[in-house]
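# Summary of the model geometry
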Amino acid sequence: MTVVLECTEVREKFWSMVDKNGPIQEHVPEIGNCWLWTSKMMSAGYGTFSYGGKSSRLAHRTGWELENGPIPQGKCALHKCDNRRGVRPSHIFIGTRAENSRDMVAKGRSAKGERNGLIKN
């Protein structure tokens, strides 16, 4: 989809679905306010974007790619702001699954014990 992302029409459609007046996250106020995806969402809270019959893509990955180019194969687009609806390219950084897991633990977002939604009562 990289070639399609270079199309002005696709860029305009994508950014028209973004609210650039989102909140400033308390744990990272220095990065500024979040830009929130306002269109289709996955049940996990991430935005999705599709265009011209192409399959859906994660909106935060698409936002990063619109400004920075393709994400390398096997890499993840991680949120500095921890806002799943966030698509602001400066709030996204590229990393591995292991780095994503370490970031989650470091920021206290890993559910352990009874807080883990996979635990059965």
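Here, every reference points to the structure presented above.
Read on for a plain summary of the structure. (Residues numbered from 1 in each chain as written. Predicted model: local features only at pLDDT ≥ 70, side-chain atom pairs only at ≥ 80, totals over all residues. Heavy atoms only, no water.)

Next up on the list: the packing of helix α2 (residues 8-16) against helix α3 (residues 59-68). Taken N-terminus to C-terminus, the directions of α2 and α3 make an angle of 130 degrees; their axes are 11 Å apart at the nearest point. For the element pair α2 / α3, the angle class is oblique. Where α2 crosses over α3, the handedness of that crossing is left-handed. Seen from α2, the contacting residues are Arg11, Phe14 and Trp15; seen from α3, they are Ala59, Thr62, Gly63, Leu66 and Glu67. Of the residues belonging to the contact of α2 with α3, the class tally is 4 nonpolar, 2 polar and 2 charged. (Axes fitted to C-alpha atoms, helices over the stretch in contact; angles between N-to-C directions. Helix = DSSP H or I, 4+ residues; strand = E, 2+ residues; numbered from the N terminus. Parallel < 35°, antiparallel > 145°, perpendicular 65-115°, else oblique. Left-handed = near helix turned anticlockwise from the far one by under 90°. Contact = heavy atoms within 4.5 Å. Nonpolar A, V, L, I, M, F, W, Y, C, P; charged D, E, K, R; others polar.)

Looking at the element boundaries, Pro72 is found in the loop between α3 and β5 (76-79). Separated by 23 residues in the primary sequence, Pro72 and Gly95 place their C-alpha atoms 9.5 Å from one another.

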